[in-house]
Amino acid sequence: MSYISSNRTPLLSKIATNDGHAEKSPYFDGWKAYDKNPFHPTQNPNGVIQMGLAENQLCFDLVQEWLVNNPKASICTEEGVDKFRDIAIFQDYHGLPEFRNAVAKFMGRVRGDKVRFEPDRIVMSGGATGALELITFCLADPGDAFLVPTPYYPGFDRDLCWRTGARLLPVVCHSSNNFKVTRKALEDAYAKAVEANIRVKGLLITNPSNPLGTILDRDTLKELMSFINEKNIHLVCDEIYAATVFRQPNFVSIAEIIEEDQEYNRNLVHIVYSLSKDMGFPGFRVGIVYSYNNAMVECGRKMSSFGLVSSQTQYLIASMLSDDQFIGKFLLESSGRLATRHKDFTDGLRQVGIKCLNSNAGLFLWMDLRGLLRESTVEAEAALWRVIINDVKLNVSPGSSFHCSEPGWFRVCIANMNEETMKVALTRIREFVLRNGDKPGRKEKSCQSNLRLNFPFRRMEDVMRTPCIMSPHSPIPQSPLVQART
Amino acid sequence: MLSRKASCNSHGQDSYYFLGWEEYRKNPYDEVRNSSGIIQMGLAENQLSLDLVESWLESNPEATGFTNGESTFRDIALFQDYHGLPAFKNALAGFMARIGENKVSFDPNNLVLTAGTTSANEILMFCLAEPGDAFLVPTPYYPGFDRDLKWRTGVEIIPIHRSSSNGFKITESAMEEAFEHAQNQLNRTVKGLLITNPSNPLGTTMTRRELNQIIHFANTKNIHVISDEIYSGTVFDSLGFISIVELASQHKSSHNKDDLLSRVHMVYSLSKDLGLPGFRAGAIYSHNEVVVSAATKMSSFGLVSSQTQHLLSSMLSNEKFVREYLSENRTRIKNRQQTLVSGLKDLGIKCLNSNAGLFCWVDMKKFLKLNTFEAEMELWRRLIYEVGCNVSPGSSFHCVEPGWFRICFANMDERTMAVAMRRVRVFVDSMHAERIKNMKSQFGEGERKWSALALPCSLRFEMIEGMEI
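Here the structure is a predicted model, which is why all the values come from computation and not from measurement.

Cut-offs and rules
- Residues numbered from 1 in each chain as written.
- Chains lettered and ligands numbered in written order.
- Predicted model: local features only at pLDDT ≥ 70, side-chain atom pairs only at ≥ 80, totals over all residues.
- Heavy atoms only, no water.
- Helix = DSSP H or I, 4+ residues; strand = E, 2+ residues; numbered from the N terminus.
- Rg over C-alpha atoms; globule rule 2.2 N^0.38 Å.
- Buried < 20%, exposed > 50% of the residue type's maximum accessible area, 1.4 Å probe, protein only.
- Contact = heavy atoms within 4.5 Å.
- Areas by Shrake-Rupley, 256 points an atom, 1.4 Å probe, with all protein chains shown as cover.
- Pairing = 2+ DSSP bridges.
- Axes fitted to C-alpha atoms, helices over the stretch in contact; angles between N-to-C directions.
- Salt bridge = Lys/Arg side-chain N within 4 Å of Asp/Glu carboxyl O.
- Core = buried A, V, L, I, M, F, W, Y, C linked by side-chain atoms within 4.5 Å.
- Expected span 1.5 Å × (residues − 1).
- Phe/Tyr/Trp six-rings, centres within 6.5 Å; stacked < 30°, edge-to-face > 60°.
- Buried area = accessible area lost by both parts, 1.4 Å probe.
- Polar contact = N/O pair within 3.5 Å; in protein donor to acceptor, adjacent residues only side chain to side chain.
- Nonpolar A, V, L, I, M, F, W, Y, C, P; charged D, E, K, R; others polar.
- pLDDT = per-residue confidence, 0-100.

A. Highlighting the overall build of chain B. Within chain B one finds 18 helices and 13 strands. Taking 23 Å as the expected radius of gyration for a compact globule of 469 residues, we find that chain B reaches 24 Å, a close match to that expectation. Expressed along its principal axes, the backbone C-alpha trace of chain B runs to roughly 80 × 55 × 55 Å. For chain B, the residues scored as buried account for 64% of the 469 residues in total.

B. Layout of the overall build of chain A. On a plain count of helices and strands, chain A comes out with 18 helices and 13 strands. Counting all 486 residues of chain A, 63% fall into the buried class. Once local pairs closer than 6 in sequence are excluded, the contacts in chain A between residues at least 24 apart make up 75%. Carbon together with sulfur atoms contributes 50% to the accessible area of chain A, which is approximately 18600 Å² in total.

C. Just the sheet that holds strand S13 (residues 404–408) of chain B, in detail. Residue and element names in this part refer to chain B. Here we have 4 strands laid out as an open sheet, ordered S9-S10-S13-S12, and antiparallel in their pairing. With one partner strand each, in any of the chains shown, strand S9 (350–351) and strand S12 (392–393) form the two edges of the open sheet. Taken strand by strand, helix H15 (residues 319–346) contacts S9, strand S10 (359–363) and S13, and its axis lies near 15° from that of S10.

D. Spotlight on the pattern of salt bridges. Summed over all chains, the structure comprises 55 salt bridges over all chains. The partner of Asp347 of chain A in a salt bridge is Lys343 of chain A, and the shortest N-O contact between them spans 2.8 Å. A residue pair is termed a helical-turn pair when its members lie 3 or 4 positions apart in one helix, as Asp347 of chain A and Lys343 of chain A do in helix H13 (residues 324–351) at 4 residues. Judged by its relative accessible area of 21%, Asp347 of chain A is partly exposed. Between Lys369 of chain B and Glu378 of chain B there is a salt bridge; the shortest N-O distance is 2.8 Å. The class for Lys369 of chain B is exposed, based on a relative accessible area of 59%. You can call Glu378 of chain B partly exposed: its relative accessible area is 37%. Members of the salt-bridge network, linked through shared partners, are Lys114, Arg218, Lys222, Glu256 and Glu260 of chain A.

E. Geometry of the nonpolar core. Among the nonpolar cores identified, the biggest contains 235 residues, and Phe84 and Phe281 of chain A together with Leu92, Leu193 and Leu270 of chain B are the most heavily contacted of them. Aside from chain neighbours lying at most four places away, what touches Leu270 of chain B is Phe88, Leu92, Phe95, Gly275, Leu276, Ala281, Leu312 and Leu316 of chain B. Counting 45 residues, the second-largest nonpolar core is a separate cluster that includes Val362, Ala375, Val387 and Phe405 of chain B.

F. Geometry of helix H6 (residues 127–139) of chain A. Counted at 1.5 Å a residue, the expected span for H6 of chain A with its 13 residues is 18 Å, and the 18 Å between its end C-alpha atoms agrees. In terms of burial, H6 of chain A is a largely internal element, 13 of the 13 residues being buried.

G. Inspection of the packing of aromatic side chains at higher detail. Residues and elements named next belong to chain B. Going through the model one piece at a time under the given rule, you end up with 30 aromatic pairs over all chains. Arranged with centres 5.1 Å apart and planes meeting at 85°, the rings of Phe168 and Trp404 form a pair that is edge-to-face. Residue Phe168 is found in the loop between strand S4 (156–160) and helix H9 (172–185), and its partner Trp404 is found in strand S13; the two are separated by 236 residues along the sequence. Aromatic pair Phe367 and Phe427: ring centres 5.7 Å apart, planes at 55°, arrangement tilted. On the criterion of sequence distance, the pair formed by Phe367 in the loop between S10 and helix H16 (373–387) and Phe427 in helix H17 (residues 414–443) is long-range, its members being 60 residues apart.

H. Molecular detail of the interface of chain B and chain A. The interface of chain B with chain A comprises 83 residues on the first partner and 90 residues on the second. Across the chain B to chain A interface the summed buried area is about 7800 Å²; carbon plus sulfur atoms make up 62%. Joining chain B to chain A, the criterion identifies 4 salt bridges. The closest approach of N and O atoms between Glu133 of chain A and Arg152 of chain B, which form a salt bridge, is 3.8 Å. Taken together, the links from chain B to chain A amount to 21 residue pairs in polar contact (both at pLDDT 80 or more). Residue assignment for the side of chain B that touches chain A shows that the elements contributing at least two residues are helix H1 (4–7), helix H3 (50–59), helix H5 (70–78), helix H6 (86–99), helix H7 (116–128), helix H8 (144–150), helix H13 (289–298) and helix H14 (306–316) of chain B. In the side of chain B that touches chain A, the residues fall into 34 nonpolar, 27 polar and 22 charged.

I. Quick peek at the side chain of Ser334 of chain A. Residue position: Ser334 of chain A is located in helix H13. Judged by relative accessible area, Ser334 of chain A falls into the buried class, the value being 2%.

J. How the structure looks around the confidence of the model for chain B. Residues and elements named next belong to chain B. When pLDDT is averaged along chain B, the result is 91, and 91% of the positions lie at 70 or above. Counted against residues more than four places away or in other chains, residues 464–469, with its pLDDT under 50, gives 7 contacts. With pTM at 0.91, the complex prediction returns an ipTM value of 0.91.

K. Inspection of the confidence of the model for chain A at higher detail. Residue and element names in this part refer to chain A. Of all residues in chain A, 87% attain a pLDDT of 70 or more, and the chain-wide mean is 88. In this model, residues 439–470 is a region of pLDDT below 50 whose contacts with residues beyond four sequence positions or in other chains number 41 contacts. Per-residue pLDDT stays below 50 along residues 473–486; that stretch engages in 43 contacts with residues further than four places along the chain or on separate chains.

The structure is reproduced here in structure tokens:
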């Protein structure tokens, strides 16, 4: 199909035909390999295990139990259907009051009730994906930039830049100080922008961090506040992993920091939140923009028309999140299970000499495989990654896809599988490490020979070229929902 | 502090269309609690057939719930694939086909799910146009387009004017004029046309002739056609509805069909036909693979909740329910429309002859003091504050002729409708009395002239107009 019409005007827009969707990143490539050969404990025990998807699948049993005990929360059950009409016609972009109240309360709860969130500042969006884009449309003109510490979630390239015309400039962080965000790094990034005549509109941080799994300490947060106040730029805090903190130190939200100093300009601060990670409901698209800036709330609310949360879902969530007892139990149990999973995995890796960045949050580990690289280059990292996908058969995400400045780091997701699968994954890693010893030269040869052995007929390039039939968000092509009804 | 987009008013919310809603919200009618409040007649919603959906739910609890054990809830809660739940897309494609009486089939692979048509239309703009480009839109049109097509995309709307002189039908010359104006006077590249069929606010379906003219026009200019068919299930008479997809598939033209199909796109939603606006279940339909691919990725910013997809896929795959619903829904819409039309007719108020939609396009010109939009606004204020009915003034739909109002009829029960009609009757009587008083003060008190008072309401105005003073 031609992109150019006969009168020479391109038929489709640049946005529709460029790579701004950022899906060509290796972050998504690994999913293709998984998609072609997905692991299943009985049906395909030699398949690729999905460890590139940051999902929380540890607590569905708790939610299921709650649903069975609370049929009124659904507008489809006998007990709840009398609310069906009112909910089905409700499309007010303010959102159901009970939804906003429940979300505000939950957000406070997740932060140890150290801060209170106002329901009237809650703006809905199509997941955090929609929230980030919405905030960018409200804060930045095309060409404006946001600073973002590396490594960062690859989706930001699409969410903040694709349709908005904004751009992301890295604030480079290093393993030498555990990837802390330093004032110097911020100043350097800002100065570079100024020199290039790029207007910086804000700083985007993810706290807890994806992919690091670490939280920002109080001093760093204060430093960030001081930086943005000085430069008079916005601070967008993506706190989507707030309830995945499973160990001390406790999570400190920017919402707390704001309260600590009246000199801070609150109009600069905006929080992005979602239930996709903390509750494990990515399919429900419950995204939240919480801003301390009234103009932002007002504008954001109008823009939320483009991605409102389904009223059916608002209703269910309102019901669930206002059940104080359930939420208390859920949060406790969830962090407990995450802690256990984290420990099991890090212990298992440690046993074979693989270190991870010390972390206390998130649904993943930031694994240090620099020692396995034949040289400290992105190409070597890519080569190692291909081996991990094809030989070890784990879909992990290479650090370069997170714009990490140092090759050799990999993000491994650990909360999107059951215990048995985790054990299989650890076994495979153990076997791989033992097979390959610790000499870089020998490693290279054996890696390659393994590659050749396992894939006599297919080259990695062929796998990469196969069109992706899954979306970047999709977890499970073998989900019964997909298979049974296609 | 904020972006240009945030600080401008391209969100279009300052329109009287939305301001009327604000007034309603401050003082909403309630039969028991606020019987003198404002009746909402500015919201094009379908509340006539929700009981049918409720009955279906009551009879099919397993189909929609999470009662199959943990795995079903878990699978749904995790499902965020932007390709959409296959069961839902299949069911939606089938539903859309049934609305068109199976004259055309829809391929689920050509569907992109979006958060309502609000999102669908915006996504299409992002895919088909650059900032500064233009889309031609026939007037009068839904005020939300000003936000959906223009706000964040930077695309401009150039109106194709329609007038009452030919029943608000689209003409080739009007299309040509709009195109020339855009390209030559405003220096904007026209990327396509966007039509709403059935029309909001007119409530009419486009004739085959009009659709052919549009396609022919789009072919000669090599531009896109987007057809917003959100009201397709509300067509209640046999004049029928022709989807752009059906027409494009059949079209014989000098261009090859593939080329035409690559430029024809349709937008749909369950907000009007099923009366489920809260569920944000919209879709784009296109044969253009690149559009489908790009739009699918863009839908990430507003996916349909998997919980809702799951519910709707069950509902819409039930053929019996769909068949019965569509038929009964049409009947109810037709009856309610006729109640409004005949009620207004008794008061001497005419509506545009319509066969679809959840509203009537009402000619209130006779009540204008002057044939101006200021006079229309004055009348509108009276209708809101004195009559207590939030109706939508034609100017908010960019109508070129003052005096037209859109009045919605499907978002209330029968009793409220009756109250509204009574209020309008009181208003018409008072307007009539005012008119008489003005004329008396202008022209004196002759006996004969005022015998018109004895005539039925519907004739009074015409008589007065026709009388020699």
